[in-house]
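Listed here are the chains, written in short residue letters.
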Amino acid sequence: MAKDSKDGKTVVGSLGDFLREQRLASRLSLRQLAEQVGVSNPYLSQIERGLRRPSAEVLQQIAKALRISAEQLNVRAGIVSPEPGVGGSVELAVLADTGLTERQKQSLLDVYASFLALNAGQAGDKS
C-alpha cells in the first residue's frame, strides 16, 4: 500500500479532489455519478470531500463510470504504491480477484504491506 501522509487525510483528500475534477469534466452531477456507481449521493459526496475512504470495489465502479483508469484511482487512494519496485502487480491482482470479498482483499493488502515494510526495515538495518 502506498504510504499515507502524516495526517492520513491528504491521500484521501487528493482522491476526492481528483474525483470531483473528473466528474465535472465528464459533465456528471454528483447524483448522476452516484446512480451509475450504485452508491448513495451522500456517500459519494463524503468521498469527494475526503471524509470517507471508498473500498476498492467502489473505486472500480467509479473508474468505470468516469471512464478512467482504475489503477490510477487505486494509486490516488493509497491502495497501490506509485513507487517503482514497491508492490503494484500483487496489489492489482488482489483487487481484481472476484473470488475474494472486499474484507478479504483489504486483509491481504494489509498483510502484504506489512511484509514490505518489515523487509524494508530489515534492509535498512543491514546498511
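Computed from a predicted model, the values in this text were never measured in an experiment. (Residues numbered from 1 in each chain as written. Predicted model: local features only at pLDDT ≥ 70, side-chain atom pairs only at ≥ 80, totals over all residues. Heavy atoms only, no water.)

*Asks:* Just to check I follow, could you spell out the pattern of salt bridges for this structure?
*Replies:* Proximity of charged atoms lets side chains of opposite charge pair with each other. Under the counting rule described, the total for this entry stands at 3 salt bridges. Residue D17 is joined to R20 by a salt bridge in which the shortest nitrogen-to-oxygen separation is 3.4 Å. Placement of both D17 and R20 in helix α1 (residues 10–25) is noted, with a separation of 3 residues, approximately one turn of the helix. Here E48 makes a salt bridge to R23, at a shortest N to O gap of 2.6 Å. Within this pair, whereas E48 is found in helix α3 (residues 41–48), its partner R23 is found in helix α1, the two being separated by 25 residues in sequence. Note on E48: relative accessible area 4%, which makes it buried. Each of the salt bridges in this network shares a partner with another, and the network as a whole consists of D17, R20, R23 and E48. (Salt bridge = Lys/Arg side-chain N within 4 Å of Asp/Glu carboxyl O. Helix = DSSP H or I, 4+ residues; strand = E, 2+ residues; numbered from the N terminus. Buried < 20%, exposed > 50% of the residue type's maximum accessible area, 1.4 Å probe, protein only.)

*Asks:* Got a minute to help me understand the confidence of the model for the protein in this structure?
*Replies:* Predicted coordinates in regions of low pLDDT should not be interpreted in detail. A residue-level look at the protein finds 80% of positions with pLDDT of 70 or above and a mean pLDDT of 79. Mean pLDDT per element in the protein: helix α6 (residues 89–96) is the minimum at 76, and helix α2 (residues 30–37) is the maximum at 96. For residues 1–11, every residue scores under 50 in pLDDT, and the model assigns this stretch 23 contacts once sequence neighbours within four places are set aside. (pLDDT = per-residue confidence, 0-100. Contact = heavy atoms within 4.5 Å.)

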